[in-house]
Every structure is written in structure tokens, then in C-alpha cells.
Amino acid sequence: MQTFIKIHPGDKAAVALQPLPAHQSLMVDGQEIILKEDIPQGHKFALCHISKGEQVIKYGAPIGVATCEIEKGSWIHTHNMKTGLGDLLTYTYEPTQTEAPTAKETHCFQGFRRKDGKAGVRNEIWIIPTVGCVNNVATAIEKKAQSFLNGSIDAIAAFPHPYGCSQMGDDQENTRRILADLISHPNAGGVLVLGLGCENSNIDVLKEYIGPYDPERVKFLVSQESEDEIEEGLELVKELTIYAGQFERTAIPCSELIVGMKCGGSDGLSGITANPTVGIFSDLLIAEGGTTILTEVPEMFGAETLLMNRCETKELFDKTVTLINDFKNYFTSHNQTIYENPSPGNKKGGISSLEDKSLGCTQKSGSAPVKGVLAYGEPVEGKGLHLLSAPGNDLVASTALAASGAHIVLFTTGRGTPFASPVPTVKISSNSPLYEHKKNWIDFNCGSMVSGTSLEQLGEELFQYVIAVASGKKVNAERSGFHDMAIFKQGVTL
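As a convention, each chain's residues are numbered from 1 in the sequence order in which they are written. Whole-chain, interface and lining totals are the exception, using all residues; otherwise, since this is a predicted model, local features are given only for residues with pLDDT of at least 70 and side-chain atom pairs are given and counted only at 80 or more. Side-chain measures here rest on the full set of heavy atoms in the structure, leaving out hydrogens and waters.

Undergrad: So what's going on with the packing of helix H1 (residues 135-144) against helix H4 (residues 229-244)? Residues and values would help.
TA: Between H1 and H4, whose axes approach to 9 Å, the crossing angle comes to 50°. By the angle between their directions, the pair H1 and H4 is classed as oblique. Relative to H4, H1 is oriented so that their crossing is right-handed. Mapping the contact onto sequence places Val 137, Ala 140, Ile 141 and Lys 144 in H1 and Glu 229, Ile 230, Glu 231, Gly 233, Leu 234 and Val 237 in H4. In the contact of H1 with H4, the residues fall into six nonpolar, one polar and three charged. Axis lines are fitted through C-alpha atoms, for helices just across the contact stretch, and the angle between N-to-C directions can take any value from 0 to 180 degrees. Starting at the N terminus, helices and strands are each numbered in turn, a helix being any DSSP run of H or I of at least four residues and a strand any DSSP run of E of at least two. Here is the rule for angles: anything less than 35 degrees is roughly parallel, anything more than 145 is roughly antiparallel, 65 through 115 is roughly perpendicular, and the remaining ranges are oblique. By convention the crossing between two helices is left-handed if the near helix lies anticlockwise of the far one by an angle smaller than a right angle, and right-handed if it lies clockwise. Note on contacts: a residue pair is in contact if any heavy atoms of the two residues lie within 4.5 Å. Any residue that is not Ala, Val, Leu, Ile, Met, Phe, Trp, Tyr, Cys, Pro, Asp, Glu, Lys or Arg is counted as polar, Gly included; the first ten are nonpolar and the last four charged.

What follows is the structure in C-alpha cells.
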């Protein structure tokens, strides 16, 4: 069993793949390293003497600066290193030679072909409130409507949220865009849009954002105009189930599959096991003409140049620069520190700085060129790898991925979480103890890499698993009945 890993030939730090005791002797590149202290799993130790002020190198890139002398074999963490990042930076486009991968064979999933030509991986009925005031009504309709489940319908789910009124400017626009995106999502065979009547984002306003729609697929209910909104809502949901029940699964090429990629509760193994596995999956899907979307912009800080230089054109490079700097300005405009990251859980798992976290996070992007850069709430149109503007918050970012068109979200984690999103959310563990401990949360384990499974094999296994999920296999969050959504709150509340 492999006990540690040196990720890049130029690294000054290696990572413990299992707990390593003090005084253990290790051979690294023909050189003996005697550990000065215990090294927890996922944490780093020095492969050479590192002077105060010297950069600590991992993934072949700087992850921070030593705050004191670090002896060879010593534990490297927040007690002896800090971030080396600054604020706004000037970037130069230095394109790297990246080629879109090519597929050895093509695959299909069993999905739902919609009347507008789009494909979905679920046939669900969604109840979407326009405003938080009717959340309880939406939830009550959801509970009472479960008896309508039949045939090909996978679930009936409400998506309560606290917004839709008392918002201004871009904040209100965010709400309207996300709600309209979800109403149009092909995973929903039918949608009940539930309004109050006096809200800013009322149904008449929202219809302008939805655009053309199929009246058999989308129904509207204004609660203030109904004598009994729950009973009327149930009748509309019943109509939607009859309509959606006509759809059956059929073979659809994987070139039509759109998968979002996100991580949360990361640990020191995330960038070594789970995230690179997702990167291999991304390359495999793109090779078949499919689409992947990478988000959580603040967790690109420190690794952003790697993505920028993979942009296919100078125009995309410029969009990525704006993507990064807009988020930095967002932090500073609220008098917040740009690099207030990683979280306590990240640090406990072995991540010492935002660069450390970001270089591991961006492993999910694989090696394909960047083909598109999306604004928050913007639907994806093209194929290949896309970058999406959204924060690092798990629920907000995963909702943003769904709103941009992701059929499925791949969520890697070293700590675990039970949350869901509007679409099937596959939880992928970076370590085996998490998988063994939380099998009711975790769907796929990448911790087996430590015991000898290759990344290439894991990537292929994940690809096959995603095809199964796209074809109807339920993930743990779905089996638990979880459906979550969260909208990016940016402005004042009136």
C-alpha cells in the first residue's frame, strides 16, 4: 500500500496517504526522509529544508510561503506557512497546448427526450415558488401529491427559497434568472409555478424570463386569486403527472449529457484522489462530445492561471480574467478579505492555504481546453469544458450548475455532507474511512486509490456510474428524498 505521494517532480512537500508516525524513515527519489513528527493523513511533510520566506511547492506550483525555517521531514501546515496570494493581479495570456480528448468508443444513457428536443435524466414534477411567502404551501402540495407518483415519474418535489420579493437590482435579477432556468430544466417533466400575487417576481414578470413554454408542461397558480390554493395546486400537479407520465426512457448519446463539477468539505486527499478522478471523467465525457461545467470561482484563486492558459481563445481568456477579478471585487466591496479560506474542516483535513485548496480543486477540470465562460444563471449552449461564475457555497454553487443546464452534479468531499440540489448530486469521497462511515451519504469512493486502484480505472468506473445515474439509478440523496436549492444573495433586503 502506498503510504505517501509526491505529486510533481518539483515539489518540496509530499502528502501522507495514511497516518505516518514520527521517526519513520521514508525513501523519496532515492533520498531518505526521517519524519520529525507525526503526519496525519492528507497532511504534508517537507522533502527538503525550506527557509523562512521561501515558497512551499506542491502540485508543481506554490501553495504558500514558509513563515519560519522548516526542517526536512517536518509537518507543513498553517503553523509554519501562509498564503502567498495578493489582491487584484495582472494576467498575461500564455496559451498551453491542450487538445480536446478523443473517444475510443461512444456511449448512450437512457434518458427522456422532451418535446423541445432537449434531453433529461429524470422525469420529475417540480413545484417552484416565485417567493418565500408560499414556501409552506409548496411543501404541503408536495406532501399531498405523493399519491400521484406513477409509471415513469421519478419524484414530485418542491423547491422552497426565501427570495422573490424585497430585492433590488442584480439581486432580484439573480432570483428571476435562476427560477426561470429551473422552470425550463429538462429533468422536470412538469412544473407548477406557485406565486403569491403581490411579489416583485410575480408570475407575470417571471413569464418574461421564462420565454416560450409548453402550457401542458408548465402550470401557474396565483395563491391570492385562489379560494383554496393547496387543493387547486394538487389538481394542477395531477394534470402534470398525467402529461409527464407519457414520457419513457430512450437511448440518448452521451454527447448530450451535461455534468456540473463541485467540491466541498475538502481534505488533503481531495486533490490527489477524488478531484483528479472527476478530471478524468470530464475528459472522457468531453471526448464523446459532452459538456462539463466547473464553478466555485473563489476556489480557483491561486490556480486561475492554469485555467486561463487553457482557454481556447484570447476572448475566453479575457472573460476568465473578468470572472476572477469580479469575484475579488465582490469580496473587497463588502470589506471582506479575498483569501479568507480554507475552512476549519479543510484545515483539519490537511489543506493549509487557498492556493493548496485551489490547485486541488481545479484538478476536476481535467486536461481539456476551456470552451466557454458563463455568467451566473446563464444556460450553457456549447460543448466541452465551461467555467461558471458562482461562489464556493455548496448549495448555491450546485444550484447554479443545475440552473446552467447540468443534468447531474458531481460533488467531491473529504468530510461528507447530506445536501442535495435540484438535480441528482453524486457524492464522491476522497478517502475510504468517510465512505465506510457514511454510506448513506457517499455514492462513489475514490479512497481506493490509496490501496492501489489507478486514477485511470477510477475515472472509467465513475464514467460508467454516471451513465447509470443518468439512466435512472438513484443517488443516496434522492433515496433519502432530498431536493435542495439556494440562490446567490448579493444585494440588500428592503
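Once you've had a look at it, read on.
Undergrad: Describe the packing of aromatic side chains, and please don't skip the residues or the numbers.
TA: Ring pairs (aromatic) are described by centroid distance and by the angle formed between their planes. Note on aromatic contacts: the rings of Phe and Tyr and the six-membered ring of Trp form a pair at centre separations within 6.5 Å, being stacked when their planes are under 30 degrees apart, edge-to-face when over 60 apart, and tilted otherwise. Throughout the structure, instances matching the rule amount to 15 aromatic pairs. Note on Tyr 376 and Phe 488: the rings are 5.7 Å apart at their centroids and 75° apart in plane angle, and the pair reads as edge-to-face. Here Phe 488 lies in the segment after helix H13 (476-479) and Tyr 376 lies in the loop between strand S19 (370-374) and strand S20 (384-388), a separation of 112 residues in the sequence. Burial classes: relative accessible area under 20% of the type maximum marks a residue as buried, over 50% as exposed, and values in between as partly exposed (1.4 Å probe, protein chains only). The exposure class assigned to Tyr 376 is buried, which follows from its relative accessible area of 8%. Residue Phe 488 is classed as buried on the basis of its relative accessible area, which comes to 8%. What links up through ring pairs into an aromatic cluster is the set Phe 301, Phe 327, Tyr 330, Phe 331, Tyr 376 and Phe 488. Against the face of Trp 441 rests Lys 438, its NZ or CZ located 4.0 Å from the ring centre. Whether a charge lies above a ring is judged from NZ of Lys or CZ of Arg, which has to be within 6 Å of the ring centre and within 35 degrees of the ring normal.

Undergrad: Please provide a residue-by-residue account of the sheet that holds strand S7 (residues 61-66), values included.
TA: Reading across from one edge, S6-S7-S9 is the order of the three strands in this open sheet, with antiparallel pairing throughout. Because the sheet does not close on itself, it has two edges, and the strands there are strand S6 (55-58) and strand S9 (81-82). Judged from the four bridges that link them, S6 and S7 form a sheet pairing that is antiparallel. Across the sheet, the residue bridging to Gln 55 is Val 65, located in S7. Docked against the sheet, helix H9 (residues 354-361) engages S6 and S7, running at close to 165° with respect to S7. A strand pair is defined by DSSP finding two or more bridges across the two strands.

Undergrad: Provide a residue-level description of the sheet that holds strand S21 (residues 408-413), including the pertinent values.
TA: The strand order across the open sheet formed by seven strands is S19-S20-S18-S17-S21-S22-S23, and the pairing between neighbours is parallel. The open sheet has two free edges, formed respectively by S19 and strand S23 (444-445), since each of these has just one partner strand. Inspection of the sheet shows S21 paired to strand S22 (residues 425-429) by five bridges, in the parallel sense. Along S22, the bridge assignment pairs Val 409 with Thr 425. Against the sheet, helix H7 (residues 314-333) engages S19 and S20, with an angle of about 40° to S19.

Undergrad: A description of the pattern of salt bridges should follow, citing residues and the corresponding values.
TA: We define a salt bridge as a contact between a side-chain nitrogen of Lys or Arg and a carboxyl oxygen of Asp or Glu at a distance within 4 Å. Scanning the model with the defined rule gives 20 salt bridges in all. Its salt-bridge partner being Asp 356, residue Lys 58 comes within 2.8 Å of it at the nearest N-O pair. Of this pair, Lys 58 sits in strand S6 while Asp 356 sits in helix H9, placing them 298 residues apart in sequence. Accessibility expressed as a relative area gives 1% for Lys 58, which makes it buried. Close ionic contact of Lys 115 with Glu 216 constitutes a salt bridge, the shortest N to O distance being 3.4 Å. With Lys 115 in the loop between strand S10 (108-113) and strand S11 (119-120) and Glu 216 in the loop between helix H3 (203-210) and strand S15 (218-222), the pair connects residues that are 101 residues apart, well separated along the chain.

Undergrad: Could you give me a rundown of a nonpolar patch on the surface, with the residues and numbers involved?
TA: Patch criteria: residues need more than 30% relative accessible area and no salt bridge. Like-charged residues are merged within 9 Å; nonpolar side chains of Val, Leu, Ile, Met, Phe, Trp and Tyr are merged within 5 Å. All accessible-area figures derive from a Shrake-Rupley calculation using a 1.4 Å probe, and residue coverage is judged against the displayed protein chains alone. Taken together, the side chains of Met 168, Val 492 and Leu 494 make up a nonpolar region of the molecular surface, amounting to roughly 320 Å² of accessible area. Tracing the backbone through its elements, the reader meets Val 492 in the segment after H13. Of the residues examined, Val 492 reaches a relative accessible area of 51% and is grouped as exposed.

Undergrad: Quick rundown of H3? Include the residues and the values.
TA: Note on helix geometry: an α-helix contains 3.6 residues per turn, so any two residues three or four positions apart are oriented the same way. Listed in full, the buried residues belonging to H3 are Ile 203, Leu 206 and Ile 210. With its buried residues spanning 60° around the axis, H3 presents them on a single face. Exposed residues lying more than 90 degrees from the buried face of H3 are Asp 204 and Glu 208. Summarising the contacts, the buried residues of H3 are in contact with helix H2 (169-183), strand S14 (188-195) and S15. By arc we mean the arc of the directions from the helix axis to the C-beta atoms, nothing more.

Undergrad: Account for helix H5 (residues 274-287), with residues named and values stated.
TA: Expected span of a helix, by definition, is 1.5 Å for each gap between consecutive residues, and there is one gap fewer than residues. Compared with the 20 Å implied by 1.5 Å per residue over 14 residues, the 20 Å span of H5 between its first and last C-alpha is a close match. Of all 14 residues that make up H5, twelve are buried, and the element is covered over most of its length. Buried within H5 we find Ala 274, Asn 275, Pro 276, Thr 277, Val 278, Gly 279, Phe 281, Ser 282, Asp 283, Leu 285, Ile 286 and Ala 287. Directly after H5, the chain includes Gly 289, whose backbone phi takes a positive value near 90°.

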